[in-house]
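So the chains spell out like this:
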Amino acid sequence: LKVGVTNASFLTTLAQVLEELRAAAAKFQAEIQAVIDSIAALPTVENIALADEAQLVEVQNAFDALTADQKELVTNKDVLPTITAQIATLKLAHDNAIAAANVDAAINELPATVALTDAEKIKQVRALFTALTPEQQTLVTTLAKLVDAESQLTLLNSVVEKPEVTEPEIPQ
């Protein structure tokens with residue numbers, strides 16, 4: 001069969017290159033499929049939780065490692081920004097709840113019956129509440145106790161600051 005074939009080494013090299021291209025194409029497709037499968041394994045947007053963030057980061061990193069051509073072939077890539085946004089929303093809600101809970105704890109440390117010596121603490125707790133975002137402030141459940149403490153303090157201050165009433169002298 002090899003009689004008359006003058007470029008056998010060229011054909012052999014060509015066959016090797018073709019095999020390398022097939023292997024590269026298979027690897028290319030396997031990398032794409034692995035990302036598609038990873039995305040499909042993520043919880044749905046409705047079921048995503050903060051605990052899923054590490055998995056999402058891992059999948060996003062795998063997607064980011066693909067070439068631009070490979071990314072175009074990932075059929076479910078549109079899910080990633082949606083889930084990422086939902087995780088960000090959950091993190092914000094979690095952070096807001098923690099901030100509000102910290103203020104609630106500070107308010108709960110205020111005494112039920114206020115003394116003038118509690119003025120600085122009440123002022124500090126009010127500053128904590130004021131530093132919250134409006135959304136965080138709506139999550140504070142003990143605001144009425146802070147307002148009551150401030151009212152008691154205002155009343156105490158008005159009593160202390162009230163000058164003594166002396167009876168006027170009646171001229172004779």
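Structural data are supplied above this passage.
Attention in this report is confined to the structure presented alongside it. From a predicted model like this one, the values you see are computed outputs, not experimental measurements.

### Here's the deal with the overall build of the protein chain
And step 1. Along the protein chain, the regular secondary structure elements total seven helices and zero strands.
And step 2. Secondary structure elements in the protein chain, listed N-terminal to C-terminal, are α-α-α-α-α-α-α.
And step 3. The C-alpha radius of gyration computed for the protein chain amounts to 36 Å, which surpasses the reference 16 Å derived for 172 residues by more than 25%, pointing to a less compact arrangement than a globule.
And step 4. The long-range fraction of contacts in the protein chain, counting pairs at least 24 apart against all pairs at least 6 apart in sequence, stands at 72%.
And step 5. Computed over 11 positive and 24 negative side-chain charges, the inter-centroid distance for the protein chain is 9 Å.

### Here's the deal with the side chain of threonine 142
And step 1. Tracing the backbone shows threonine 142 in the loop between α6 (134-139) and α7 (143-161).
And step 2. Note on threonine 142: relative accessible area 13%, which makes it buried.

### With respect to the pattern of salt bridges
And step 1. Taken as a whole and assessed by the stated rule, the structure comprises five salt bridges.
And step 2. Glutamate 53 serves as the salt-bridge partner of lysine 91, at 3.1 Å between the closest nitrogen and oxygen. Pair noted here: lysine 91 is in helix α4 (residues 79-108) and glutamate 53 is in helix α2 (residues 53-65), with a separation of 38 residues, a long-range link.
And step 3. When its relative accessible area of 35% is taken as the criterion, lysine 91 is described as partly exposed.
And step 4. The exposure class of glutamate 53 is partly exposed, given its relative accessible area of 25%.

### Details of the packing of α2 against α4
And step 1. Between α2 and α4, the shortest axis-to-axis distance is 11 Å and the interhelical angle comes to 145°. Crossing of α2 over α4 shows left-handed handedness. Residues Glu53, Leu56, Val59, Gln60 and Phe63 of α2 lie in contact with α4, whose contacting residues are Leu80, Ile83, Thr84, Ile87 and Lys91.
And step 2. For the contact of α2 with α4, the residue count by class is six nonpolar, two polar and two charged.

### Quick word on the environment of glutamate 58
And step 1. With respect to the helices, strands and loops of the structure, glutamate 58 is situated in helix α2.
And step 2. Sequence separation between glutamate 58 and serine 38 is 20 residues, and the spatial gap between their C-alpha atoms is 8.9 Å.

### Considering the packing of helix α1 (residues 8-41) against α2
And step 1. Where α1 meets α2, the axes come as close as 10 Å, and the angle between the chain directions of the two elements is 155°. Between α1 and α2, the angle is such that the two are roughly antiparallel. The two elements α1 and α2 meet at a crossing, and its hand is left-handed. Residues Val35, Ser38, Ile39 and Ala41 of α1 form the contact with α2, whose participating residues are Gln55, Val59, Ala62 and Phe63.
And step 2. For the contact of α1 with α2, a count of residues per class yields six nonpolar, two polar and no charged.

### Focus on the nonpolar core
And step 1. Core analysis: the biggest nonpolar cluster contains 15 residues, and Ile122, Val140 and Leu146 have the highest contact counts within it.
And step 2. Elements with a contribution of two residues or more to this core: α4, α5 (119-131) and α7.
And step 3. The biggest single contributor to this core is α4, with five residues.
And step 4. Non-local contacts of valine 140, meaning those with residues more than four positions away in its chain, are made with Ala100, Val103, Asp104, Ile107, Phe129 and Leu132.
And step 5. Ile32, Ile36, Phe63 and Leu66 belong to the second-largest nonpolar core, a separate cluster that totals 14 residues.

What counts, and at which threshold
Sequence order as written defines the numbering, with residues in each chain counted from 1. Reporting of local features is limited, given that this is a predicted model, to residues whose pLDDT is at least 70; pairs of side-chain atoms are given and counted only at 80 or more, and all residues count toward the totals for whole chains, interfaces and linings. Processing note: side-chain calculations cover all non-hydrogen atoms of the structure and skip hydrogens and water entirely. Put simply, DSSP H or I for four residues or longer makes a helix, DSSP E for two residues or longer makes a strand, and each gets a number counted from the N terminus. A radius of gyration in this sense is built from C-alpha atoms; the matching globule rule multiplies 2.2 Å by the number of residues raised to 0.38. Two residues form a contact once any of their heavy atoms are found within 4.5 Å. Within this scheme the basic residues Lys and Arg register as positive and the acidic residues Asp and Glu register as negative, but His and the chain ends are omitted. Charge placement uses NZ in Lys and CZ in Arg. For Asp and Glu, CG and CD serve respectively. Categorising residues by exposure relies on relative accessible area from a 1.4 Å probe, with only protein chains included: less than 20% of the type maximum marks a residue as buried, more than 50% marks it as exposed, and the intermediate range marks it as partly exposed. Criterion for a salt bridge: a side-chain nitrogen of Lys or Arg within 4 Å of a carboxyl oxygen of Asp or Glu. What counts as an axis is a line fitted to C-alpha atoms, over the stretch in contact for a helix, and the angles between N-to-C directions run from 0 to 180 degrees. Whether a crossing is left-handed or right-handed is set by the direction in which the near helix is turned from the far one by less than a right angle, anticlockwise for left-handed and clockwise for right-handed. We call Asp, Glu, Lys and Arg charged. Ala, Val, Leu, Ile, Met, Phe, Trp, Tyr, Cys and Pro are nonpolar, and the rest, Gly among them, are polar. In this scheme, roughly parallel covers angles under 35 degrees and roughly antiparallel covers those over 145, while 65 to 115 is roughly perpendicular and the rest are oblique. Definition used in this section: a nonpolar core is a set of buried Ala, Val, Leu, Ile, Met, Phe, Trp, Tyr and Cys residues joined via side-chain atoms within 4.5 Å.

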